[in-house]
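# Structural features, examined
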Amino acid sequence: MLLAFTVLAGCSRENVELPDDDILYARIENPADSDTKSYVSDDCRVLWDNADAASVFRYVTINQKYVYSGSAGTNNASFSKSGSASGTGSALDNIYAVYPYSSAISMSAEGTIKNVQILGTQSYKEHSFGKAANVAVSATENNDMFFQNLCGYLKLSLYGDNVTVSKITLQSNNGEIISGYATVSAAPRKKPTLSFVSSKSSSITLSCPGGVKLGTSKSNATDFWFVIPPVTLSGGFKITVYENDSAIFEKKASSRFTIERNLLKNMAPLKVEKPTGLISFTLSPSPVTMYPFDQVKVTAVLNPSSAEIKSEYWYIDADRIAGVGGGGDGWRYINAFKPGTAVLRVVLNGNIEKTVTINVLDPAPAAVDLGLSVQWGDRNLFAEKASDTGRYYDFTNALGYQSTSSDVAEYFTDGEWRLPTKAECQELIDKCTYTKETLNGVTGLRFKSKSNGASVFLPDVGGYLGSTYYGPSSMGCFYWSKTIANSNSHRLYWTVSSHSPSVSVLETLYAKDYKFVVRPVKAK
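Only a predicted model underlies this, so the values are computations on that prediction, with no experimental measurement involved.

Before going further, it helps to spend a moment on the overall build of the protein. When helices and strands are tallied, the protein shows five helices and 45 strands. Taking the contacts inside the protein whose residues are at least 6 apart along the sequence as the reference set, 60% of them involve residues at least 24 apart. For the protein, the accessible surface area stands at approximately 22,700 Å², while carbon and sulfur atoms represent 46% of it.

With that out of the way, let us pick up the packing of aromatic side chains. Per the stated rule, a full pass over the model turns up 23 aromatic pairs. Judged by centre distance (5.4 Å) and plane angle (75 degrees), the rings of phenylalanine 293 and phenylalanine 412 are edge-to-face. Of this pair, phenylalanine 293 sits in the loop between strand 25 (288-290) and strand 26 (295-303) while phenylalanine 412 sits in helix 2 (residues 408-412), placing them 119 residues apart in sequence. The class of phenylalanine 293 is partly exposed, set by a relative accessible area of 48%. For phenylalanine 412, a relative accessible area of 15% translates into the label buried. A cation over an aromatic ring shows up here: lysine 265 above the ring of phenylalanine 257, its NZ or CZ 4.7 Å from the ring centre. Of note, lysine 297 hangs over the ring of tryptophan 331, and the distance from its end group to the ring centre comes to 4.4 Å.

In this structure, strand 25 lies alongside strand 31 (residues 352-360), joined through three bridges in parallel fashion. Pairing of methionine 290 across the sheet is with valine 360, part of strand 31. Pairing of strand 30 (residues 340-348) with strand 31 involves nine bridges; the strand directions are antiparallel. Note that in strand 31 the partner of leucine 344 across the bridge is valine 356. Taking the residues that link successive antiparallel strands as the turn, the strand 30-strand 31 hairpin has three residues, and the phi of asparagine 349 there is positive, at about 55 degrees.

A full pass over the atoms with the stated rule returns 14 salt bridges. A salt bridge links glutamate 424 to arginine 418, with the nearest nitrogen and oxygen atoms 2.7 Å apart. Classification of glutamate 424 by relative accessible area gives buried; the value is 9%. One network of salt bridges, with partners in common, ties together Asp407, Glu410 and Lys482.

The three strands are arranged 41-42-43 in an open sheet whose pairing can be described as antiparallel. Either end of the sheet is taken by a strand with one partner, and the two such strands are strand 41 (477-485) and strand 43 (502-507). The mean angle between the axes of side-by-side strands here comes to 35 degrees, regardless of whether they run parallel or antiparallel. Looking at chain direction, strand 41 and strand 42 (residues 488-494) are connected through six bridges and run antiparallel. Residue pairing in the sheet places phenylalanine 478 in a bridge with tyrosine 493 of strand 42. Contacts between helix 3 (residues 422-430) and the sheet are confined to strand 41, strand 42 and strand 43, with strand 43 contributing the most and set at about 150 degrees to the helix.

Turning to its location among the elements, serine 166 is positioned in strand 13 (residues 164-172). On the accessibility criterion, serine 166 (15% relative accessible area) is buried. Apart from residues no more than four positions distant in its own chain, serine 166 is found in contact with Ser207, Cys208, Tyr242, Glu243, Asn244 and Asp245.

Let us look at the confidence of the model for the protein. Taken over all residues, the pLDDT of the protein has a mean of 85, while the share at 70 or more is 88%. Below pLDDT 50 for its whole length, residues 1-20 participates in 62 contacts with residues either more than four positions away or in separate chains. Of the regions scoring below 50 in pLDDT, residues 31-39 engages in 68 contacts with residues more than four places distant in sequence or in other chains.

Spatial strand order, 9-16-13-19-20: five strands in an open sheet with mixed pairing. Every interior strand has two partners, whereas the edge strands, strand 9 (121-123) and strand 20 (246-253), have only one. Sheet twist, expressed as the mean angle between neighbouring strand axes with direction ignored, is 20 degrees. In this structure, strand 13 lies alongside strand 19 (residues 237-243), joined through six bridges in antiparallel fashion. Counterpart to glutamine 171 in the pairing with strand 19 is lysine 238.

In this section: unusual backbone geometry. Residue proline 285 follows serine 284 across a cis peptide bond; omega there is 0 degrees. With respect to the element layout, proline 285 can be found in the loop between strand 24 (280-284) and strand 25. At the junction of asparagine 303 and proline 304, the peptide bond is cis and its omega measures out at 0 degrees in the coordinates. Relative to the assigned elements, proline 304 resides in the loop between strand 26 and strand 27 (312-316). One non-glycine residue, phenylalanine 293, lies in positive phi territory at about 75 degrees. The phi angle at phenylalanine 382 is positive, at roughly 70 degrees, despite the residue not being glycine. Along the chain, phenylalanine 382 falls in the loop between strand 33 (376-377) and strand 34 (393-394). For phenylalanine 382, a relative accessible area of 5% translates into the label buried.

Here is what the cut-offs are and how they apply
- Residues numbered from 1 in each chain as written.
- Predicted model: local features only at pLDDT ≥ 70, side-chain atom pairs only at ≥ 80, totals over all residues.
- Heavy atoms only, no water.
- Helix = DSSP H or I, 4+ residues; strand = E, 2+ residues; numbered from the N terminus.
- Contact = heavy atoms within 4.5 Å.
- Areas by Shrake-Rupley, 256 points an atom, 1.4 Å probe, with all protein chains shown as cover.
- Phe/Tyr/Trp six-rings, centres within 6.5 Å; stacked < 30°, edge-to-face > 60°.
- Buried < 20%, exposed > 50% of the residue type's maximum accessible area, 1.4 Å probe, protein only.
- Lys NZ or Arg CZ within 6 Å of the ring centre and 35° of its normal.
- Pairing = 2+ DSSP bridges.
- Salt bridge = Lys/Arg side-chain N within 4 Å of Asp/Glu carboxyl O.
- Axes fitted to C-alpha atoms, helices over the stretch in contact; angles between N-to-C directions.
- pLDDT = per-residue confidence, 0-100.

Structure (structure tokens):
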């Protein structure tokens, strides 16, 4: 079979026929990258480099490696088949190829290209892109290969006084994915598209081994090239410049920014100004995990510790999820409002920025239908899994007396969940079988429905008397109920010696001294 490669973008399409199946020809689209696919010449043409390689699927889902063995600097080159091959061998209707070569790349019988990597760490090269950064694919019905680039390109120009860059990170402000492993859809005469599936990241790091000395003015600014998949960054992006792997400069562009396939965007030259004193800092804790209405103190840990904070700015990008409360020099309180993820951004001395992810967890469980009058939660309120105890509440806060008209489950779940009544606790006992079980190293009772076989696990929990905690072996296992009658507070209860559940009572007069956990039921 005869085979030829052609790579497009402003250049004319060319057919080349060869007498040997082991030899291929390829042309390169403009612009593109460097070392292992190619590099950019002074007039922004893309040229092949020595030892460039591509994965070729020639009418079959076998990944065959083809390598360029000529000298660097040509736009039209021949490739030779190597001994490397992998794949299942299913038949394909078309010829597919992917640059750069990777043995991990595979094809489905339907023509979907899998395990294509958009590099999250790219390498600096003067006036060009780093090794294997730019990905191009081809899909044709015959031996006339036609390559198209998957990504677009951003050229960042930096200058500064006595600055040597060790790396630069580019981060999307609103979390859009710009690197990771993707599947690619390619078909003859159609533009390729990609979809990220794993190792997804909202950032790209441009590594500068040995350091890159910046030019000192706009006229001789140093260029840094990023390969970025087609994307609209709705909140813009942020760059962080490092010297000796320490952040020295950060700049945020908050306007909407779009990268288009195969188009180069040039940014105006930007001056890198080192911070006064070369201060750096980290935020602690990082990340922050909270529940609604929690408050956590976040501190900027300075390096050196004696560094002066001349100005500081703390803000959260999703104020529906969490907010910044009171604080002092170099620290603030973070208050959680609703379940979700937010990003805390801290800017010190005008240009050094750090971020912390705020994870506000949902305190509510998932509902389990036991065939009863209500659905029970699969775990305790504020528990991450069924074997966790969750949080302990006293009588006043658990049932909502004095502080609020809602019980604790209603309050923290916007009325979606509530405490079970005495009757509902008794129904759980009467209409389920119960057996002692150990789950994740925690003992407890497994309640299994007699009607449909569904079950929930309630761990042995103990409780507090005043400020003293008593384990389940000494206090027993108590779960708050919503029912108050005849000066008694009703609770689901069992001892670890018998693991025989019942609905017990505690005089309300003494209930305020105890703290127990909550297993909620669905309110709606």
